[in-house]
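Below are the chains, spelled out letter by letter.
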Amino acid sequence: GESVGLHLPTLSVQEGDNSIINCAYSNSASDYFIWYKQESGKGPQFIIDIRSNMDKRQGQRVTVLLNKTVKHLSLQIAATQPGDSAVYFCAESRRVDADGLTFGKGTHLIIQP
Amino acid sequence: KAGVTQTPRYLIKTRGQQVTLSCSPISGHRSVSWYQQTPGQGLQFLFEYFSETQRNKGNFPGRFSGRQFSNSRSEMNVSTLELGDSALYLCASSPGGNTIYFGEGSWLTVV
């Protein structure tokens, strides 16, 4: 029968613009969140993480925002570059259980020249 | 410091066969976990090993197994391969916390 692949949300932005990638998580017990970037043919690459006792964390050109009230996570990328084109995944875990990361479906970020 | 190394990178197997995939973690990392990535299901947790002991296991059938050696290297095995086992198998290592670092993966095609 026909196999149905994941329909990845796609975000297309102009080079130099800021990008915001969103992620909703379901487990209110999750207390640790990570963003990964996966380029075609490669494994996921760690970008930035945040613990539940924080609501914002900044890295180099990236900022992660956490809203525990609505169980929402976002990744902001400043001044996007062609090398930012990739699929971005959010992941969550509960440190107490250490039962592996639960990954979101991913968002495909496309940078337009 | 070298990253997570997985071998082989690509392989083709026939239905009913078994396959063994290898993973060398980042030096000093004692935790190794395995994930399966498919277009249909995304990234799914298989299992995690720490100090040669399986600490956690995802929701996969018993055909999927793994082990870890005293030098922290890990292998995973899939027996009686099915077409649906075609996927990218990712190994990740961690020094012990929740942040895990992935290898490039092993692409398995079952025909």
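About the criteria used
- Numbering of residues starts from 1 in every chain and runs along the sequence as written.
- Starting at A for chains and at 1 for ligands, labels are handed out in the order in which the entities are written.
- Reporting of local features is limited, given that this is a predicted model, to residues whose pLDDT is at least 70; pairs of side-chain atoms are given and counted only at 80 or more, and all residues count toward the totals for whole chains, interfaces and linings.
- No hydrogens and no water enter the side-chain calculation; it runs on all heavy atoms of the structure.
- As a per-residue measure, pLDDT reflects the predictor's confidence and takes values from 0 up to 100.
- Contacts are residue-level and defined by heavy atoms, with any inter-residue pair within 4.5 Å sufficient.
- Note that a disulfide, as used here, is simply two cysteine sulfur atoms within 2.5 Å.
- Helix numbering and strand numbering both begin at the N terminus, where a helix is a DSSP run of H or I of at least 4 residues and a strand a DSSP run of E of at least 2.
- We call a residue buried when its accessible area falls under 20% of the maximum for its residue type, exposed when it is over 50%, and partly exposed in between, using a 1.4 Å probe and counting protein chains only.
- In this analysis, strands are considered paired if DSSP registers two or more bridges between them.
- For helices, the axis comes from a line fit to the C-alpha atoms of the stretch in contact; other axes are also lines fit to C-alpha atoms, and the angle between any two N-to-C directions lies between 0 and 180 degrees.
- A simple way to read buried area is as the amount of 1.4 Å-probe accessible surface that goes missing from two parts once joined, with both sides added.
- Any Lys or Arg side-chain nitrogen located within 4 Å of an Asp or Glu carboxyl oxygen qualifies as a salt bridge.
- Here a polar contact is taken to be a pair of N or O atoms separated by no more than 3.5 Å, where protein atoms must pair a possible hydrogen donor with a possible acceptor and residues adjacent in sequence count only if both atoms sit in side chains.

(A) Structural view of the confidence of the model for chain A. The pLDDT averaged across chain A works out to 88; a share of 89% of its residues lies at or above 70. Here residues 1–5 of chain A is a poorly scored stretch, pLDDT under 50, and it has three contacts once near neighbours within four places are set aside; other chains count.

(B) A look at the state of the cysteines. Residue and element names in this part refer to chain A. The tally for this structure, following the rule as stated, stands at two disulfides over all chains. Here Cys 23 connects covalently by a disulfide to Cys 90, the sulfurs 1.6 Å from one another. The chirality of the disulfide connecting Cys 23 with Cys 90 is right-handed, given an S-S dihedral of about 40 degrees. Of this pair, Cys 23 sits in strand β2 (residues 19–24) while Cys 90 sits in strand β8 (residues 86–93), and the two are 67 residues apart along the sequence. Considered together, Cys 23 and Cys 90 belong to a single accessibility category, that of buried residues.

(C) Here's a closer look at the sheet that holds strand β6 (residues 62–67) of chain A. Residues and elements named next belong to chain A. With antiparallel pairing, the four strands of this open sheet are ordered in space as β2-β7-β6-β5. The open sheet is flanked by β2 and β5 (56–58), the only strands paired with a single partner. Each strand axis lies, on average, 15 degrees off the axis of its neighbour in the sheet, ignoring direction. Bridging between β5 and β6 involves three bridges; their strand directions are antiparallel. When the bridges of β6 are listed, Arg 57 appears paired with Val 64.

(D) Structural view of the pairing of strand β7 (residues 64–68) of chain B. Residues and elements named next belong to chain B. Of the strand pairs in this sheet, β7 and strand β8 (residues 74–78) are connected by five bridges, and their pairing is antiparallel. The residue bridging Arg 67 from the neighbouring strand is Glu 75, located in β8. In textbook terms, the turn of a hairpin is the stretch between consecutive antiparallel strands, and for β7 and β8 this stretch comprises five residues, one of which, Ser 72, has a positive phi near 75 degrees.

(E) Quick peek at the interface of chain B and chain A. With 22 residues of chain B in contact, the opposing surface of chain A contributes 23 residues. Considering only the surface of chain B that becomes buried against chain A, Leu43(B), Asn98(B) and Phe102(B) emerge as the three largest contributors, covering 33% of it. Joining chain B to chain A, the criterion identifies zero salt bridges. Our count for the chain B to chain A interface comes out at six residue pairs in polar contact (both at pLDDT 80 or more).

(F) Up close: the sheet that holds strand β3 (residues 19–24) of chain B. Residues and elements named next belong to chain B. Here four strands make up an open sheet; going across it, the order is β1-β3-β8-β7 and the pairing antiparallel. Each edge of the open sheet carries a strand with a single partner, namely β1 (5–7) and β7. Taken pair by pair, the neighbouring strands of this sheet meet at an average axis angle of 20 degrees, ignoring direction. Across three bridges, the pairing between β1 and β3 is antiparallel. Across the sheet, Thr 5 pairs through a bridge with Ser 24, a residue of β3.

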